[in-house]
Amino acid sequence: MPSHLDPVPVPVPAPAPAPGVGASEATAFPPAPGAGAGAGTGTGNKRHPHVQLRALDTLWFQVAGTICNIECTHCFISCSPRNHSHEMMSLADVQRSLDDARGLGVREYYFTGGEPFMNRDMLAILEATLKQGPATVLTNGMLLRPDVCRRLRELFDASEYSLDIRVSLDGFDAESHDAIRGKGVWDRVMIGLRNLADAGVNPVITVTTAAEGVASEEGRARFLDVIRGFGFDRPRLKVLSLFRIGAEENRTRAYEEWERLNAESLSDEEASVLQCSSCRMVTSKGVYVCPILIEEPEARMGATLGETLRPFQLRYGACHTCWVDGVTCRT
Amino acid sequence: MRLAFLGGIYSNYHALAAALDDITRRNVDATYFLGDLGAFGPHPDRVPELLIVRGIPGIQGNYEESLSTRADDCHCGYTDPRDNHYAQISYDYTFANTRDAYKDWMATLPREIRFTAGGLRFLLVHGSPRTINEFLWRSTSPDVFLEKLCNDYDADVIVCTHTGLHWHKSLSEGRHVLNAGVLGRPANDGRANVWYTLVDVNERIVDVTFVPVHYDHALLANEMRAENLPEQFVETILTGWWTTCLEILPSKERTAGRW
Ligand code: SF4
Ligand code: SF4
Ligand SMILES: [Fe+2]
């Protein structure tokens, strides 16, 4: 569910650097090879800052690959029923990284796609994950059948860790939602949300800033009422910002060349508040720096987690949004 | 060796006085506060007063860091607009009613305390060893993550607060992480009492006791009303259920509460 990117400002606590990681090492890495001029594409400017991996707190899984049952106009990795750029991951695929994650002290796990509930192993994957840490699933809410919802509640009750389901909406009503997600989608999501409510699962509803007015206080209040209307007496709402890559690039506009980070506008130390200082993304093709850049070949840092603990150079347009908007994809 | 830890006090000087009386009765060898002396409750000067008079050592929380640097907000680390709205009311009230001498005293507090007791290396922090306002909730703090914190920060026992909810996890190699909970407001469980934490440590064996503190919460509620603090805060003191700063709760902790 890659439209669900959280514009929550990262708390800026002047974090102590993780032991053994010296910020001065960053410049020791060679400049990235030059690349084309595409919107989210990197440039070869060696003055782009590097971000250190302070600690691998958040591990993402592109568990449904780029395969989705719908095709949103704002999907930043252009997922669709036919996009097999990244494939579904099996329980065994995920388990390998879960095992590696224990040794690295990972704090939390996020599952996205594509649509995670198209993955037949999804519930088994959650069961395995919840044995070792908290899990969050990002879903479009269309495949939340009653039996799936009941099982989610069972998994929630059985684990000592938290399980969160994040369902994304793009507006207050069918008209605005379906304009982005396709005809009839709103109605199916409403059924899914009711199933969640019946099973006693309280999702986080996420809404992108593509929805008119949702960023204002009034818009929020209205949206909270909408969520209460679905049967949730404790509505949980997150407002997310959009990345101008993938399909979203066509909906609005691509990044301009100046919309890149350089080492003068962002020091390596400041870069440590970016989510890529504490996350990695596992897909069927390997491990990427973050959940945003999975279509950038050079953002693939290795085959296994252990190969991806080095710094990463922030040379993409999306990196600019991350910094300027303080984006983190976590809940 | 018996140690007592006082988590966030949030200006609840009645609960602090009751806890200190209880500690006196229990043969405690050393008592420490873990920061966030102000917020939420009334008359923020009374907590530092009491701690200084009793000579209790402790560390900065995000509140002391903000107040002592005259920052605009509490750096609580909330991300939801409603959470932040109420956090700002708390902070503005606390800022306006804390005298400069105490703000300056807060600047002198360390950010962490380390000592060895019962053969174990203790590390006292406010949020987490790495960040003053990191939330260590039980349901989002897997063992492997906590063990890594112990490794990275050279500690056998890490004691923290900041979230408002107490818990304890025994980890591999005889290590422990515990959140001491808070004296400032109830633990979102429908009971009006608040909590502090006792740790008995002898020959590398750790025994943790969370101690309920009953105090005159109705009096506190009246004083909060007299100070025009939000009725939502008063309700929490009276009912034991959190009404604000809820969005930051992980789903497990959220589900256990009323709102
Ligand atoms: S639901 Fe929409 S945004 Fe999410 S993965 Fe599918 S196409 Fe992309
Ligand atoms: S897109 Fe954002 S998270 Fe990903 S590498 Fe760039 S700055 Fe980091
Ligand atoms: Fe705090």
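Because the structure is predicted, anything quoted here is derived from the model rather than measured.

Here we look at the pattern of salt bridges
Part 1 of the reasoning: Across all of its chains, the model carries 32 salt bridges over all chains by this definition.
Part 2 of the reasoning: Ionic pairing is found between A:Asp147 and A:Arg145, a salt bridge with its closest N-O pair at 3.1 Å.
Part 3 of the reasoning: For the salt bridge of B:Arg138 with A:Glu160, the shortest nitrogen-to-oxygen distance reads 2.8 Å. Remark: A:Glu160 occurs in the loop between helix H3 (146-158) and strand S5 (163-169) and B:Arg138 occurs in the loop between strand S4 (120-124) and helix H6 (143-152); the pair is interchain, linking two chains.
Part 4 of the reasoning: A relative accessible area of 30% places B:Arg138 in the partly exposed class.
Part 5 of the reasoning: Given a relative accessible area of 37%, A:Glu160 falls into the partly exposed group.
Part 6 of the reasoning: A network of salt bridges, in which partner residues are shared, links A:Asp57, A:Arg107, B:Arg130 and B:Glu134.

Remarks on the site of ligand 2
Part 1 of the reasoning: The full set of residues close to ligand 2 is A:Leu274, A:Gln275, A:Cys276, A:Val289, A:Cys290, A:Ile292, A:Leu293, A:Phe312, A:Leu314, A:Ala318, A:Cys319 and A:Cys322.
Part 2 of the reasoning: Taken together, the residues that form the shell around ligand 2 break down as 11 nonpolar, one polar and no charged.

Some thoughts on the sheet that holds strand S6 (residues 167-170) of chain B
Residue and element names in this part refer to chain B.
Part 1 of the reasoning: Pairing is mixed across the open sheet formed by five strands, whose spatial order is S3-S4-S5-S7-S6. One side of each edge strand has no neighbouring strand; the edge strands of this open sheet are strand S3 (113-117) and S6. Averaged over all pairs of adjacent strands, the angle between their axes in this sheet comes to 15 degrees, without regard to strand direction.
Part 2 of the reasoning: For strand S5 (residues 157-160) and strand S7 (residues 176-179), the ladder comprises four bridges, and the chain directions are parallel.

A word on unusual backbone geometry
Part 1 of the reasoning: Cis rather than trans, the peptide bond between A:Gly113 and A:Gly114 has omega equal to 10 degrees.
Part 2 of the reasoning: Here A:Gly114 shows up in the loop between strand S3 (108-112) and helix H2 (122-130).
Part 3 of the reasoning: With phi around 50 degrees, B:Asn27 is a residue other than glycine that occupies positive phi space.
Part 4 of the reasoning: Along the chain, B:Asn27 falls in the loop between helix H1 (13-25) and strand S2 (30-33).
Part 5 of the reasoning: One non-glycine residue, B:Ala39, adopts positive backbone phi at about 105 degrees.

Notes on the environment of B:Glu147
All names here are of chain B.
Part 1 of the reasoning: Mapping Glu 147 onto the fold places it in helix H6.
Part 2 of the reasoning: According to the relative accessible area criterion, Glu 147 is buried, its value standing at 16%.
Part 3 of the reasoning: The sequence separation of Glu 147 and Ser 172 amounts to 25 residues, and the corresponding C-alpha distance is 7.4 Å.
Part 4 of the reasoning: Contact partners of Glu 147, with chain neighbours within four places excluded, come to Leu 171, Ser 172 and Arg 175.
Part 5 of the reasoning: For Glu 147, the side chain forms a polar contact with the main-chain nitrogen of Ser 172, separated by 3.0 Å.

With respect to the state of the cysteines
Residue and element names in this part refer to chain B.
Part 1 of the reasoning: One pass over the full model with this rule turns up one disulfide over all chains.
Part 2 of the reasoning: The residue that forms a disulfide with Cys 74 is Cys 76, at a sulfur-sulfur distance of 2.3 Å. The sign of the S-S torsion, about -135 degrees, decides the handedness of the disulfide formed by Cys 74 and Cys 76: left-handed. Cys 76 carries the same exposure label as Cys 74, and that label is buried.
Part 3 of the reasoning: Unpaired in terms of disulfides, Cys 245 finds its nearest cysteine sulfur in Cys 76, a separation of 6.9 Å.

Section: helix H8 (residues 317-325) of chain A
Side chains three or four residues apart in an α-helix point the same way, a direct result of the helix having 3.6 residues per turn.
Part 1 of the reasoning: All buried positions along H8(A) are accounted for by A:Gly317, A:Ala318, A:Cys319, A:His320, A:Thr321 and A:Cys322.
Part 2 of the reasoning: A:Gly326 sits one or two positions beyond H8(A) and adopts a positive phi of about 60 degrees.

Considerations on the interface of chain A and chain B
Part 1 of the reasoning: Contacts between chain A and chain B engage 34 residues on the former and 35 residues on the latter.
Part 2 of the reasoning: Summed over both partners, the interface of chain A with chain B buries about 2700 Å², with 46% contributed by carbon and sulfur atoms.
Part 3 of the reasoning: On the surface where chain A and chain B come into contact, there are five salt bridges.
Part 4 of the reasoning: Between B:Lys169 and A:Glu160 there is a salt bridge, with the nearest N and O atoms lying 3.3 Å from each other.
Part 5 of the reasoning: Inspection of the chain A/chain B interface yields 18 residue pairs in polar contact (both at pLDDT 80 or more).
Part 6 of the reasoning: At the level of elements, helix H1 (91-104), H3, S5 and strand S7 (236-240) of chain A are the ones that each hand at least two residues to the side of chain A that touches chain B.
Part 7 of the reasoning: Tallied by class, residues from the side of chain A that touches chain B come to 18 nonpolar, five polar and 11 charged.

Observations regarding the side chain of B:Ser141
Part 1 of the reasoning: With respect to the element layout, B:Ser141 can be found in the loop between S4 and H6.
Part 2 of the reasoning: Taking the relative accessible area as the measure of exposure, B:Ser141 reaches 0% and is therefore buried.
Part 3 of the reasoning: Here B:Trp137 takes part through its backbone oxygen, which lies 2.7 Å from a polar atom of the side chain of B:Ser141.
Part 4 of the reasoning: Setting aside its immediate chain neighbours within four residues, B:Ser141 contacts A:Arg107, A:Tyr161, B:Leu136, B:Leu146, B:Trp167 and B:Lys169.

What about the packing of H2(A) against H3(A)?
Any two packed helices are characterised by the angle at which their axes cross and by the distance between the axes.
All names here are of chain A.
Part 1 of the reasoning: Axis separation between H2 and H3 bottoms out at 10 Å; the angle between their running directions is 10 degrees. Accordingly, the angle class assigned to the pair H2 and H3 is roughly parallel. Contact residues: Leu 123, Leu 126, Glu 127 and Leu 130 in H2; Val 148, Arg 151, Leu 152 and Leu 155 in H3.
Part 2 of the reasoning: Taken together, the residues that form the contact of H2 with H3 break down as six nonpolar, no polar and two charged.

The rules behind each value
Residues numbered from 1 in each chain as written. Chains lettered and ligands numbered in written order. Predicted model: local features only at pLDDT ≥ 70, side-chain atom pairs only at ≥ 80, totals over all residues. Heavy atoms only, no water. Salt bridge = Lys/Arg side-chain N within 4 Å of Asp/Glu carboxyl O. Helix = DSSP H or I, 4+ residues; strand = E, 2+ residues; numbered from the N terminus. Buried < 20%, exposed > 50% of the residue type's maximum accessible area, 1.4 Å probe, protein only. Near = heavy atom within 4 Å. Nonpolar A, V, L, I, M, F, W, Y, C, P; charged D, E, K, R; others polar. Pairing = 2+ DSSP bridges. Axes fitted to C-alpha atoms, helices over the stretch in contact; angles between N-to-C directions. Contact = heavy atoms within 4.5 Å. Polar contact = N/O pair within 3.5 Å; in protein donor to acceptor, adjacent residues only side chain to side chain. Disulfide = S-S within 2.5 Å. Buried area = accessible area lost by both parts, 1.4 Å probe. Parallel < 35°, antiparallel > 145°, perpendicular 65-115°, else oblique.

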